[in-house]
Each structure stands twice: as structure tokens, then as C-alpha cells.
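# Descriptive analysis of the structure
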Amino acid sequence: MIKFYRFPLSGHSHRVELMLNLLGVAYEGIDVDLAGGEHKKEAFLNINPFGVIPAIDDNGFVLADSNAIILYLVKKYGDASWLPNDAETAANIQRWLTVSSSEIARGPAAARLVNVFGAGLDHADALKRAEAVLTVMDAHLGKQAFLAADSITIADISAYSYVAHAPEGDVPLNLYPNVQAWLARIEAQDGFVPMPKTAVGLAA
Ligand SMILES: N[C@@H](CCC(=O)N[C@@H](CS)C(=O)NCC(=O)O)C(=O)O
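Residues numbered from 1 in each chain as written. Predicted model: local features only at pLDDT ≥ 70, side-chain atom pairs only at ≥ 80, totals over all residues. Heavy atoms only, no water.

### Considering the domain arrangement of the protein
Interfaces are often sized by the amount of accessible area the parts lose when they come together. Under the domain assignment, the protein is made up of domain 1 (2-78) and domain 2 (81-187). For domain 1 versus domain 2, the separation of C-alpha centres amounts to 21 Å. Tallying the contact residues gives 17 residues for domain 1 and 14 residues for domain 2. In this assembly, domain 1 packs against domain 2 so that about 1,400 Å² is buried in total across both faces, 69% of it on carbon and sulfur atoms. Its largest share of buried area at the contact with domain 2, domain 1 owes to Leu9, Arg15 and Asn67, together 34% of the area lost on that side. When contributions to the side of domain 1 that touches domain 2 are tallied by element, the ones reaching two or more residues are helix 1 (11-23) and helix 3 (66-77). It is helix 1 that provides the largest number of residues to the side of domain 1 that touches domain 2, a total of eight residues. (Domains from an automatic or database assignment. Contact = heavy atoms within 4.5 Å. Buried area = accessible area lost by both parts, 1.4 Å probe. Helix = DSSP H or I, 4+ residues; strand = E, 2+ residues; numbered from the N terminus.)

Now the structure itself:
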């Protein structure tokens, strides 16, 4: 069975947990004690030398990085609809995986890190970046049901968690109705599992 090293309030972990559940793949969740620094100790560094969660161990195949993990999971356990192979869709998926690791990470995810974990980041800057990326996403999702294609792909799973939890960073989602409709389309998928909400920020 897949061993899944995670932290319950991490959006990077949640995108992996969501993918595992949407695919119906069995796994053993192993909570890593980030507050206690477990991720920087030798046992975990042997799993991911970068010392961050999430990571998986699938029968001896050890892999870190949330986007790499969801790509692996659909290739190994999913059907081709999660990662279509044609040049345009594959490139669009990569484009949105990058948005997830850059604009979304530095925008809504960073704003939430400040509120939920007291991270020493610039909250005002994160709010500005969140507004910029959500404005682009809202316009895009007004024309297309999902980020990279007309049907759901790993790009949507990668972007979902930190956008859905943006209100915890004081980022309002009601200004972005197409983004809200997209979140609801993901939440309606069979097997969807939410990330636990924290009591900080705006009412979602
Ligand atoms: N590129 C990595 C980023 C993962 C990441 O930033 N993990 C955070 C939790 S959300 C972490 O482990 N932080 C602990 C630390 O940086 O010390 C991924 O996509 O998996």
C-alpha cells in the first residue's frame, strides 16, 4: 500500500490526498510533525532530502513534490483523461502546474501561511498577488470549465487546495464567481475529500 507522508493543514499535502481519493487508490497516511521539526530529521530527509512534505513511498518508489506525485498517480493508477497526451493540452497542464507553484503559492497560499501559521511573509504583497492571479483565473474560467481543458485534469487538482482555502488568508472569493463555480465542479467529483478548515480569515 502507498505510504503517504503528509501534514493535515498543508495544501500541498491536500492536493495529493485529493488525487488519491479521486482515483480510489488505497494509502496509509503518515502525519509528519512539522511543528516538532520531524521533516528536518534524518529519517524524513532520507525520504525527501529537501525536508518538505508531501512525499510518497509506493512499494519502494519514493517520490516528493506534490505536482510530481499527482502526475505519477494518474500515470500509474488513473486514465488518460487526467493527463491528455496531445501537445496543446499537455502544455496547458504544465502551464497551470507552474501557476500553482508560483502565482498561487506566492499569492493566496502565502497570505494563508501568514494567518494560519504566523509565517513572516509580506501579507499585503501576498494579497496583491492573490488578486492578480484570481482575476486571471476568473476570466479564464469564464470561457472554459476547467483550467487546462474542458474536462478535469491534474492542473485543477494542483490549483484547487490553496484557492479553495484563500479566505483563510483574508482573500475574498466572492469577487470571483467563475472561480467559485470551478471549485464547486471539483467538489462535485466522486471521491472528493476536503482539507480541514481553520478558524482564521474570512468566512468562506
Ligand atoms: N514543492 C513542494 C513544496 C512543499 C511545501 O512547501 N511543503 C511545506 C508544507 S505546505 C513544508 O513542508 N514546509 C516545511 C518547511 O519548509 O520547513 C511540493 O509541491 O510538494
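### What about the nonpolar core?
Met137, Val179 and Trp182 are the most contacted members of the largest nonpolar core, which totals 53 residues. For this core, the elements supplying multiple residues, two or more each, are strand 1 (2-6), helix 1, helix 3, helix 4 (87-117), helix 5 (123-141), helix 6 (154-164) and helix 7 (177-187). In contact with Val179, other than residues within four places in its own chain, are Leu134, Met137, Asp138, Leu141, Val163 and Leu173. If you look at the next biggest cluster of nonpolar residues, it comprises seven residues, including Tyr5, Phe7, Ile53 and Ala55. (Core = buried A, V, L, I, M, F, W, Y, C linked by side-chain atoms within 4.5 Å. Buried < 20%, exposed > 50% of the residue type's maximum accessible area, 1.4 Å probe, protein only.)

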